[in-house]
Amino acid sequence: MVVNKFFTIFALENIFSVLPMTKNGFWHRAYDLYYEGFRNMTLGKTLWAVILIKLFIIFAILKIFFFPNYIDEHASDDNKSDFVANELIERAPG
């Protein structure tokens, strides 16, 4: 019983020690790590820009031109759920 209370108190102290954002707190140190890392980047900023541009191309432009809204084209507003259910049943293997 004493050991159980010790671990309960110890665990609560660890949880509460990281919640406040003091200079030595976990959240402040994590924020400083990323802030300083991104601020001091030179090549990394260019690489992040390339990554963001590629994500934009993948999710915005390709979706518009190559992935039309199939359900809106083939089903009315009232029976979209029935349309999806029938398609799943018809396309199920076996």
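Residues numbered from 1 in each chain as written. Predicted model: local features only at pLDDT ≥ 70, side-chain atom pairs only at ≥ 80, totals over all residues. Heavy atoms only, no water.

Mean pLDDT over the chain: 79, with 76% of residues reaching 70 or higher. Of all helices and strands in the chain, the one with the weakest mean pLDDT is helix α1 (residues 2-18) (52), whereas helix α5 (residues 80-91) scores best (91). (pLDDT = per-residue confidence, 0-100. Helix = DSSP H or I, 4+ residues; strand = E, 2+ residues; numbered from the N terminus.)

One pass over the structure, following the stated rule, counts four aromatic pairs. Between Phe26 and Trp27, the aromatic rings sit 5.0 Å apart at their centres with planes inclined by 75°, giving edge-to-face as the arrangement. Ring plane angle 35° and centroid distance 6.1 Å describe the contact between Tyr70 and Phe83, whose orientation is recorded as tilted. With Tyr70 in helix α4 (residues 70-74) and Phe83 in helix α5, this residue pair connects regions lying 13 residues apart in the sequence. (Phe/Tyr/Trp six-rings, centres within 6.5 Å; stacked < 30°, edge-to-face > 60°.)

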